[in-house]
Amino acid sequence: MLGAGEITVVYDAGAHARPHPDSGLGFVGGLLPGDHPELLAYPATARRPVDQRRLPGLTALDTRTVVDGASRRVILTHSETLHAAQARGFTEALGQAARRLDGLAEALAAGGNRRSRDHVLAEISRITRVRWVERVLVTALHGSAPGELRLHWHIDETSRARVAAEFFGKQLLVTDRDSWQVADVITAYRARYHLDSTFGRLSAPHPPERGDAERIAVHRMISVLAVAVLHLMRQEATEAGLDLSVRELFEQLTGIQETVLRYPSTGGRPRTRRVITDRTEIQQRLYDLFGLDEAAPRRR
């Protein structure tokens, strides 16, 4: 039985449900980057590679700062993969905003505008009110009368580079597990994604109705047990040298199938023969590792 001090609660950035300081529970959580600009300002040279085998392309800075009134261990991470994905998303959002501003500028230049200056400013605000976009797009609305309003805008490349350097690819983690390796803290935080994915894979096609409290409780218990078993199997496979995700483990095991051949008999019980499908090298190692041959039910 695990004690409270051995249990670690993992929560996402912005989550309101957090372990109480007196609960004795450990925690690994996310922080909203915008709440700690002083940490985002650290240069890239302050970060170090974490684990190129387990976490390729990931660097981190292990430091401390005040979180919720207490000094906490905080880890600033930077992922090359996340950086590239956010850069692509930002470029797309910036392009959409630019096209909308062009359309608004052309409409104003035609001289047929009847909206007030405040209404046009509100429209500009709606166009640029996208994450990071408002920091990069510089707009200027000239004129006062509706027919005289003219819009000019441009992209501030210096601000664009600053946004990329400050935010892209970064996450902030906070924990009270001061003795853990950086890689272990990051892995624990990322585990919530794996759990969500596993729950989704195991979800029943027709879950219990919302009003059936007893069936819902049973469904949740079975789901939690199934997820626990799958992740224990993944851990055992990892220790055996098979670095597989839960999804990959699930797919490999699903590919192992059994055919039962039943032969007629002139007397007594019919003879039964079990035939296992051909297995890849990985499937055979998993088959031996989990003792599937011994665990499989004998059918007669």
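Just above, that's the structure.
Owing to the predicted nature of the structure, the values given are computational and were not obtained by experimental measurement.

Conventions used here
- Residues numbered from 1 in each chain as written.
- Predicted model: local features only at pLDDT ≥ 70, side-chain atom pairs only at ≥ 80, totals over all residues.
- Heavy atoms only, no water.
- Helix = DSSP H or I, 4+ residues; strand = E, 2+ residues; numbered from the N terminus.
- Buried < 20%, exposed > 50% of the residue type's maximum accessible area, 1.4 Å probe, protein only.
- Contact = heavy atoms within 4.5 Å.
- Salt bridge = Lys/Arg side-chain N within 4 Å of Asp/Glu carboxyl O.
- Pairing = 2+ DSSP bridges.
- Axes fitted to C-alpha atoms, helices over the stretch in contact; angles between N-to-C directions.
- Phe/Tyr/Trp six-rings, centres within 6.5 Å; stacked < 30°, edge-to-face > 60°.
- Left-handed = near helix turned anticlockwise from the far one by under 90°.
- Nonpolar A, V, L, I, M, F, W, Y, C, P; charged D, E, K, R; others polar.
- Parallel < 35°, antiparallel > 145°, perpendicular 65-115°, else oblique.

(A) Inspection of the overall build of the protein chain at higher detail. If you tally the helices and strands in the protein chain, you get ten helices and ten strands. For the protein chain, buried positions account for 31% of its 300 residues. A separation threshold of at least 6 residues defines the contact pool for the protein chain, and within that pool the share at least 24 residues apart is 57%.

(B) Broad picture of the pattern of salt bridges. Counting across every chain of the model gives six salt bridges. The shortest N-O distance in the salt bridge between Asp184 and Arg54 comes to 3.6 Å. Linking Asp184 in helix H6 (residues 182-202) with Arg54 in the loop between strand S3 (48-51) and strand S4 (55-67), this pair joins segments that are 130 residues apart in sequence. For Arg126, the salt bridge goes to Glu123, with nearest N and O atoms at 2.7 Å. You can see Arg126 and its partner Glu123 sitting in helix H3 (residues 117-128), three residues apart, about one turn around the helix. A residue is classified by how much of its surface remains accessible, and Arg126, at 44% relative accessible area, is partly exposed. Judged by relative accessible area, which is 17%, Glu123 ranks as buried. Each member of the salt-bridge network shares a partner with another, and the members are Arg100, Glu123 and Arg126.

(C) Seen up close, the sheet that holds strand S2 (residues 26-31). Strands sit in the order S1-S2-S8-S5-S4-S3 across an open sheet of six strands; the sheet is mixed. In the strand order of this sheet, the two ends are held by strand S1 (8-11) and S3, each with one partner. Along the sheet, successive strands turn relative to each other by an average axial angle of 30°, direction set aside. Bridge count between S1 and S2: four bridges; the pairing is parallel. Along S2, the bridge assignment pairs Thr8 with Gly26.

(D) Expanded view of the packing of aromatic side chains. One pass over the structure, following the stated rule, counts five aromatic pairs. Pairing Phe90 with Phe168 gives two aromatic rings, centres 5.7 Å apart and planes at 65°, and the pair type is edge-to-face. In this pair, Phe90 sits in helix H2 (residues 80-109) while Phe168 sits in the loop between helix H5 (157-167) and strand S8 (170-175), placing the two residues 78 residues apart along the sequence. By relative accessible area, Phe90 is classed as buried at 4%. Among the aromatic residues, those joined into a ring-pair cluster are Phe90, Trp132, Phe167 and Phe168.

(E) Highlighting the packing of H2 against H5. Two elements in contact, H2 and H5, have axes whose closest approach is 11 Å; the angle formed by their N-to-C orientations is 145°. The element H2 and its partner H5 pack so that their crossing is right-handed. Across the interface between the two elements, His83, Gln86, Phe90, Thr91 and Leu94 from H2 touch Arg160, Ala164 and Phe167 from H5. In terms of residue class, the contact of H2 with H5 is made up of four nonpolar, three polar and one charged.

(F) Local environment of the packing of helix H7 (residues 213-239) against helix H8 (residues 246-254). Here H7 crosses H8 at 90°, and the two axes come no closer than 10 Å. Judged on the interaxial angle alone, H8 and H7 are roughly perpendicular. Between H7 and H8, the residues in contact are Leu230, His231, Met233 and Arg234 and Val246, Leu249, Phe250 and Leu253, respectively.

(G) Layout of unusual backbone geometry. Even without a glycine there, the phi angle at Asp68 is positive, about 55°. Checked against the element boundaries, Asp68 lands in the loop between S4 and strand S5 (70-79). Overall, the relative accessible area of 66% leaves Asp68 in the exposed class. The phi dihedral of Trp132 falls on the positive side, at around 75°, and the residue is not glycine. Here Trp132 is to be found in the loop between H3 and helix H4 (133-136). For Trp132, a relative accessible area of 11% translates into the label buried.

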